[in-house]
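Working through the structure, step by step
Read off the chains here:
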Amino acid sequence: MKASEIRLKVLTFKHYLHRLLLEFLARPDAGQYLRVLGLLLGIVLCFVVWCLGSLVWGFISYHSNPVSYLRAFYDPLLPRYVDTRDFRTHESEVLDLESYREELFQLNEFNTFLSDKLPINRKHKDPRTESCRIAAKKLRHDSELASSSIVIVMYNEELSVLLRTIISILLNSPMESIKEIIIVDDRSDRDELGSRLDKELGQFPFVKLIRNTKREGLIRSRIIGSRAAEGKILIFLDSHVEVLDGWYKPIVDRIMEDPKTVVCPVIAAIDHTSLDLISDKYTTLWGAWDWDMVYKWRPIPPREMQRRGFDDSQPIRTPAMAGGLFGIDKDYFFEIGAYDPGMKIWGGENLEMSFRVWMCGGALEINTCSYVGHIFRRGGIIQKTVTGETALQQNTKRAVEVWLDEYKEAHYLAAPSNKAVEGGDFVSRVLLRQRLKCRSFSWYLREVFPDQPRPDRDFVAYGEAKGPGDLCLDTLGPGVGHQVGVWSCHGKGNNQFWKFLLSGELENDGKCLDGDGEKPRNIVMYECHGLNGNQQWFLTEGGVLLHGGSGKCLSHDGRHLILLPCDFNDDRFLWSFTGTTESVQKKFYELHSKQFGYRTNAEKEALKEAARQKKDDDAKRRANESKAEEKRQQEEQQRQQEETNNEAGIAKRREEEERRRLEEETAQKSQEEQELIEWRAKKKKVPTATLR
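Each helix and strand counted, the protein has 21 helices and 24 strands in total. In terms of C-alpha radius of gyration, the protein reaches 50 Å, well past the compact-globule figure of 26 Å for 692 residues. As displayed, the protein offers around 37600 Å² of accessible surface, 54% of which is attributable to carbon and sulfur atoms. Taking the average location of the 101 positive side-chain charges in the protein and that of its 105 negative ones, the two points are 3 Å from each other.

What follows is the structure, given as structure tokens:
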């Protein structure tokens, strides 16, 4: 079309509009219509001015007080969502929705599909108890709290979950006390965690993003983040958490009160499928570990409940921490050696720091008035090192060699494969322990964790329990309630590492072998309750396991365990453990032999020896009695002989006396006769010789 034709059409259109305007003005009601039109134009103009004013006011408000602005923007009453269209396929374009959901689930090991549909500014119910709310009123005012830096390490974290973490801090924390939130990206390789992440975090002026130039792992990335921190207190969080009402002040206030106290919040589990908060799952548990050096959740023992005065607002003095969520004074953190830079990726650093804090003069607490929700993934992520060993094995090796002293052998019994693991050079950590003048591990067991069973005090027998057919007692899986059986012995500990305790419990990973005498094949793992009964066993010196609840003996059918009537001479009932502790075994028999009507070999030998001694004593007694009787008889004979001799003597004396009497009488009579003769002779005067 030519230019002249275009100009002609424009002039024609203008003429047409001019004619319509003149016709409208000629109408009698034109004024009324003009007033309505003016009103509409005024309303539109006011709306435009209001919008422009709001934009200007928002711009000024954001730059003058960005926290208040962002809190208002992310108010839970106005749900906000992550736009995933630029990095994720929309469900309307997916043919098999269930497979797509499972694919997203496997991507992060939690329900990613659901996470994208949940508001990133969702609000949870306050899980604190009434006593905690009362205790919160006694804490320092927000303006009196020390400044803190929150350090969060992320690697390929789901964007909606990461933003939910940051926004929960924004909505539930006194932001005037938080100096910064430091996000350390450990070289993530997902597309949405590049420029898109920069854009999302750019709206939060208090967030600093540090990107590692190479993969460092959680431990070293936390060191990087803590060195960049400007706050006086460091708070470490995972990148898949949601902090809850009142979580912040109990941690910071306690650290300000005692800078050598490391404070952990209560971990409120977020279910990996429903993403619902389970606030009471860990409220009655504390941090513990077993000799394989794997962190465990264990029920809080009565002695600790008593120390707290049964007040659920008082902190728990825990032997160990999970390690993902805790607060610590920054100066103290570096004074005691921060993290071990020789450790790789993640794993084991939590126990190493737990030992170090306690043994080197600090304390470790769980503050029961501070709650942080945490997504526990469906499956663990195992990071392999270049040598093929897991980072957890190498890190554990370092912690064991530096801190466990003579008890490291107990670890190698529980995890034999770790003994040959190369832990690297840890001389610097040994020197750190010497410089800090840390206590011994036996002190830690005695003063901090006396509840932990120890080989030298509580293990009657330990290690693999090899039964008939050279098959080993095996839990056949984690958890409670499933049947226990036997499996080929693998020498790696774990589900085949058993501890026969002084109490008579047969324990593995904090759970006890539980038998049912009425159902001989119903032998399962159950939480140890310490009440004997179905969990009490008796190990004879020959290796037979008697069940306290039924009096039957343990055997197996090649797969599962079974309780049968005992036959101490039948090899089907014989079990042999890797090792025994003689002193504990002796004490065990002293405590339980009478209950089971059992005599040890030593007792049997003692009884035999006593019988032999009794027999010898009886023989000696009989011999002595015989000798005594013979002597008595001899004495009696001698006495009788003496009596006989005495009678003969008396008779002889009598005869002698009679003889002497007769002799005397004869002599006297002769003398009288002589005198008579002499008298007669004198009288007749006859010579004496004649008279004779």
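Time to look at the pattern of salt bridges. Counted by the stated rule, this structure contains 48 salt bridges. Measuring nitrogen to oxygen at the nearest pair gives 2.9 Å for the salt bridge that ties Arg85 to Asp83. By relative accessible area, Asp83 is classed as partly exposed at 35%. The salt bridge partner of Arg429 is Glu352, with a shortest N-O separation of 3.6 Å. One end of the pair, Arg429, is in helix H16 (residues 427-436); the other, Glu352, is in helix H13 (residues 349-359), and 77 residues separate them in sequence. Linked by salt bridges that have partners in common, Asp292, Lys296, Arg298, Asp509 and Lys511 make up one network.

For Thr165, the location among the structural elements is in helix H7 (residues 159-172). A polar contact of 3.1 Å, which involves the side chain of Thr165, links it to the backbone oxygen of Ser239. Every residue in contact with Thr165, bar those within four places of it in the chain, is listed here: Ile152, Asp238, Ser239, His240 and Val241.

This brings us to H13. The buried fraction of H13 amounts to eleven of the eleven residues, a majority that puts the element mostly inside the structure. Residues Glu349, Asn350, Leu351, Glu352, Met353, Ser354, Phe355, Arg356, Val357, Trp358 and Met359 constitute the buried set of H13.

Before going further, it helps to examine empty space enclosed by the protein. Inspection of every chain in the model, using the stated rule, returns three cavities of 30 Å³ or more. Computed from the structure, the largest cavity encloses a volume of approximately 100 Å³. Going through the elements one at a time, strand S6 (261-270) and strand S9 (295-299) are the ones with two or more residues in the lining of the largest cavity. Sorting elements by how many residues they give to the lining of the largest cavity places S6 first, with four residues.

Pairing geometry for strand S8 (residues 285-289) and S9, over five bridges, is antiparallel. When the sheet's bridge partners are listed, Trp286 is paired in S9 with Arg298.

Moving on to unusual backbone geometry. Although it is not a glycine, Arg187 sits at a positive phi angle of roughly 55 degrees. Among the structural elements, Arg187 can be located in the loop between strand S2 (178-185) and helix H8 (195-201). When its relative accessible area of 48% is taken as the criterion, Arg187 is described as partly exposed. Phi is positive for Met293, close to 65 degrees, though the residue is something other than glycine. Within the element layout of this structure, Met293 appears in the loop between S8 and S9. What makes Met293 buried here is its relative accessible area of 5%.

Attention now goes to the packing of H13 against helix H17 (residues 441-448). It is at 10 Å that the axes of H13 and H17 come closest, and there the two elements cross at 85 degrees. As summarised for this structure, H13 and H17 are arranged roughly perpendicular, according to the angle between their axes. Here H13 contributes Phe355, Trp358 and Met359 to the contact with H17, which in turn contributes Phe441, Trp443, Tyr444 and Val448. Considered class by class, the residues forming the contact of H13 with H17 number seven nonpolar, no polar and no charged.

Another point: the environment of Val262. Among the secondary structure elements, Val262 is positioned in strand S6. On the accessibility criterion, Val262 (0% relative accessible area) is buried. Here the alpha-carbon distance between Val262 and Ile366, two residues 104 residues apart in the chain, equals 8.6 Å.

Attention now moves to the packing of aromatic side chains. Tallied over the full model, the rule gives 27 aromatic pairs. Ring geometry for Phe355 versus Phe441: centroids 5.3 Å apart, planes at 90 degrees, classification edge-to-face. Within this pair, whereas Phe355 is found in helix H13, its partner Phe441 is found in helix H17, the two being separated by 86 residues in sequence. The exposure class assigned to Phe355 is buried, which follows from its relative accessible area of 0%. One Lys or Arg, Arg80, reaches over the ring of Phe73 and ends 3.8 Å from the middle of that ring. The ring of Tyr155 carries the charged tip of Arg215 above its face, separated from the ring centre by 3.7 Å.

Turning next to H7. Between its terminal C-alpha atoms H7 stretches 20 Å, which fits the 20 Å expected from 14 residues at 1.5 Å a residue. Extensive coverage of H7 is indicated by the burial of 14 of its 14 residues.

By volume, the second largest pocket is sized at about 350 Å³. Considering the residues around the second largest pocket, the lining is formed by 19 residues, among which Ala135, Leu139, Ser313, Gln314 and Asn367 are closest to the centre. Of all the elements in the fold, those that place two or more residues in the lining of the second largest pocket are helix H6 (130-136), helix H10 (248-257) and strand S12 (363-375). By residue number, the principal contributor to the lining of the second largest pocket is H6, which donates five residues. Here the residues of the lining of the second largest pocket are counted per class, giving eight nonpolar, five polar and six charged.

Before going further, it helps to examine the environment of Met175. Within the secondary structure layout, Met175 lies in the loop between H7 and S2. Taking relative accessible area as the criterion, Met175 reaches 6% and is therefore assigned buried. Once the C-alpha coordinates of Met175 and Gly324 are considered, the two residues, 149 residues apart in sequence, prove to be 22 Å apart. Leave out the neighbours within four places in its chain, and Met175 touches Val67, Arg71, Ile169, Leu170 and Phe206.

Another point: the side chain of Asp238. Here Asp238 lies in the loop between strand S4 (233-237) and strand S5 (241-243). Residue Asp238 is classed as buried on the basis of its relative accessible area, which comes to 13%. A polar contact is formed between the side chain of Asp238 and the side chain of Arg222, at a distance of 3.5 Å.

Within the largest apolar cluster, 65 residues are counted, with the highest numbers of intra-cluster contacts made by Trp289, Trp291, Phe326, Phe355, Phe441 and Tyr444. Broken down by element, the residue count for this core peaks at six residues, all from H13. In terms of nonpolar packing, the next biggest core, distinct from the first, is built from 42 residues, Ile120, Leu201, Phe204 and Trp247 among them.

In this structure the tally under the stated criterion is five disulfides. The disulfide partner of Cys472 is Cys489, and the gap between their sulfur atoms is 2.0 Å. Looking along the S-S bond of the Cys472-Cys489 disulfide, the torsion reads about 100 degrees, which is the right-handed sense. Within this pair, whereas Cys472 is found in strand S14 (residues 471-474), its partner Cys489 is found in the loop between strand S15 (485-488) and strand S16 (498-501), the two being separated by 17 residues in sequence. Classification of Cys472 as buried rests on a relative accessible area of 0%. Given a relative accessible area of 28%, Cys489 falls into the partly exposed group. The connectivity of the disulfide bonds within the protein can be written as 1-3, 2-4, 5-6, 7-8, 9-10, using the sequence rank of each bonded cysteine. Distance from the sulfur of Cys264, which forms no disulfide, to the nearest cysteine sulfur (Cys369) is 15 Å.

Reading the values: rules and limits
- Residues numbered from 1 in each chain as written.
- Predicted model: local features only at pLDDT ≥ 70, side-chain atom pairs only at ≥ 80, totals over all residues.
- Heavy atoms only, no water.
- Helix = DSSP H or I, 4+ residues; strand = E, 2+ residues; numbered from the N terminus.
- Rg over C-alpha atoms; globule rule 2.2 N^0.38 Å.
- Areas by Shrake-Rupley, 256 points an atom, 1.4 Å probe, with all protein chains shown as cover.
- Lys, Arg positive; Asp, Glu negative; His and termini not counted.
- Charge placed at Lys NZ, Arg CZ, Asp CG, Glu CD.
- Salt bridge = Lys/Arg side-chain N within 4 Å of Asp/Glu carboxyl O.
- Buried < 20%, exposed > 50% of the residue type's maximum accessible area, 1.4 Å probe, protein only.
- Polar contact = N/O pair within 3.5 Å; in protein donor to acceptor, adjacent residues only side chain to side chain.
- Contact = heavy atoms within 4.5 Å.
- 1 Å grid on protein atoms, 1.4 Å probe; cavity = no way out; pocket = protein on both sides within 12 Å on 5 of 7 lines; lining within 4 Å.
- Points joined across faces, edges and corners; volume = space filled by probe spheres on them.
- Pairing = 2+ DSSP bridges.
- Axes fitted to C-alpha atoms, helices over the stretch in contact; angles between N-to-C directions.
- Parallel < 35°, antiparallel > 145°, perpendicular 65-115°, else oblique.
- Nonpolar A, V, L, I, M, F, W, Y, C, P; charged D, E, K, R; others polar.
- Phe/Tyr/Trp six-rings, centres within 6.5 Å; stacked < 30°, edge-to-face > 60°.
- Lys NZ or Arg CZ within 6 Å of the ring centre and 35° of its normal.
- Expected span 1.5 Å × (residues − 1).
- Core = buried A, V, L, I, M, F, W, Y, C linked by side-chain atoms within 4.5 Å.
- Disulfide = S-S within 2.5 Å.

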